[in-house]
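# Fold and geometry: a report
One letter stands for each residue in the lines below.
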Amino acid sequence: MKHIFKQGASDKPTLLLLHGTGGNEEDLVPLAKLIAPENSFLSVRGNVSENGMPRFFKRLAEGVFDEEDLVARTHELNQFITDASEKYGFDRNNLIAVGYSNGANIAGSLLLHDENALKGAILHHPMVPIRGLKTPDLSNMPIFIGAGENDPICSSEETIELEKILSDAGAEVTVHWERMGHQLTKPEVDAAAQWYTQNF
């Protein structure tokens, strides 16, 4: 998978950066510098192309995911992270995902498929990636969800459902609401940075 790795302080978590549809591995680098400027980061480009736009998994329509591909791509990404940790020497067990939109959805899928994939997550405008799974034990895992009250892609009901799924699995979920749509705003990023500092 195309990616960027930047070495930072080895005693701090590595940030896993996962872009939105049409983005690339450069997109969330400024976010990493705002949230945790001293940390290492691994920024990954999605392996799926939708009309030339990189994504992390296929979809059948807006908001309708190809679940078979989602599961396969989740395992692919999980294995890539493990391989990258061996290549670059970062702690595989000290990884925080920072995802936006499609990237937040694949991060959510990592959480729901493997309780050891991440130590925590910052999910900007995620949907429920997959339903009906037996959720793993996410006891005390800190998770931040940034959501827009007027988000046309990710409804507030979707956010509330995801919060419940993760909370029921034991995670410590913080939801930050903005009166905006699907875009990522500075106040939301600032809230995520503050949350990160309090939790890690």
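For the structure, check the block above.
Residues numbered from 1 in each chain as written. Predicted model: local features only at pLDDT ≥ 70, side-chain atom pairs only at ≥ 80, totals over all residues. Heavy atoms only, no water.

### A few points about the layout of surface pockets
Looking at the largest pocket, its volume works out to about 170 Å³. Along the walls of the largest pocket sit 15 residues, with Thr 21, Arg 59, Ser 101, Asn 102 and His 182 positioned nearest its centre. (1 Å grid on protein atoms, 1.4 Å probe; cavity = no way out; pocket = protein on both sides within 12 Å on 5 of 7 lines; lining within 4 Å. Points joined across faces, edges and corners; volume = space filled by probe spheres on them.)

### Regarding the nonpolar core
Counting residues in each nonpolar core, the largest one holds 40 residues, and the members touching the most others are Leu 16, Leu 111, Leu 123, Ile 143 and Leu 166. Contributions of two or more residues to this core are made by strand E2 (14-18), strand E3 (41-44), helix H2 (67-88), strand E8 (95-100), helix H3 (102-113), strand E9 (120-124), strand E10 (142-148) and helix H4 (156-168). Element by element, the count of residues in this core is highest for H3, at 6 residues. Residues in contact with Leu 123, not counting those within four places in the same chain, are Gly 99, Ala 104, Ala 107, Gly 108, Leu 111, Ile 143, Phe 144, Ile 145, Gly 146, Leu 162 and Leu 166. One finds Leu 28, Ala 32, Ile 96 and Val 189 within the second-largest nonpolar core, a separate group that totals 20 residues. (Core = buried A, V, L, I, M, F, W, Y, C linked by side-chain atoms within 4.5 Å. Buried < 20%, exposed > 50% of the residue type's maximum accessible area, 1.4 Å probe, protein only. Helix = DSSP H or I, 4+ residues; strand = E, 2+ residues; numbered from the N terminus. Contact = heavy atoms within 4.5 Å.)

### Description of the side chain of His 125
Topologically, His 125 is positioned in the loop between E9 and E10. Relative accessible area serves as the criterion here: at 2%, His 125 is assigned to the buried category. Within the structure, His 125 has its side chain in polar contact with the side chain of Glu 188 (distance 2.9 Å). Those residues in contact with His 125 that lie beyond four places of it in its chain are Tyr 100, Ser 101, Gly 146, Ala 147, Gly 148, Asp 151, Cys 154, Gly 181, His 182, Gln 183 and Glu 188. (Polar contact = N/O pair within 3.5 Å; in protein donor to acceptor, adjacent residues only side chain to side chain.)

### A word on H2
The first and last C-alpha atoms of H2 sit 31 Å apart over 22 residues, in line with the 32 Å expected at 1.5 Å per residue. Those residues of H2 lying buried are Asp 69, Leu 70, Arg 73, Thr 74, Leu 77, Asn 78, Phe 80, Ile 81, Ala 84 and Ser 85. One face of H2 carries all of its buried residues, which in axial projection span an arc of 170°. Residues Glu 68, Glu 86 and Lys 87 are exposed on H2 and point more than 90 degrees away from its buried face. Summarising the contacts, the buried residues of H2 are in contact with strand E1 (3-6), E2, E3, strand E4 (48-50), E8 and H3. Of the residues trailing H2, Gly 89 is marked for its positive phi of about 80°. (Expected span 1.5 Å × (residues − 1). Arc of directions from axis to C-beta.)

### Comments concerning the pairing of E10
Counted residue by residue, E10 has 7 buried out of 7 residues, so it is predominantly covered. Residues Pro 142, Phe 144, Gly 146 and Gly 148 of E10 are buried on one face, and the alternating residues Ile 143, Ile 145 and Ala 147, pointing to the opposite face, are buried as well. Pairing between E9 and E10: 4 bridges, direction parallel. Directly across from Ala 121, in E10, lies its bridge partner Ile 143. Of the strand pairs in this sheet, E10 and strand E11 (residues 172-178) are connected by 7 bridges, and their pairing is parallel. Bridge pairing in E11 places Phe 144 opposite Thr 174. Following the chain from E10 across H4 to the adjacent parallel E11, one finds a crossover that is right-handed. (Pairing = 2+ DSSP bridges. Right-handed = clockwise from strand over helix to strand, strands pointing away.)

Purely geometric stuff here, so don't read any function into it on its own.
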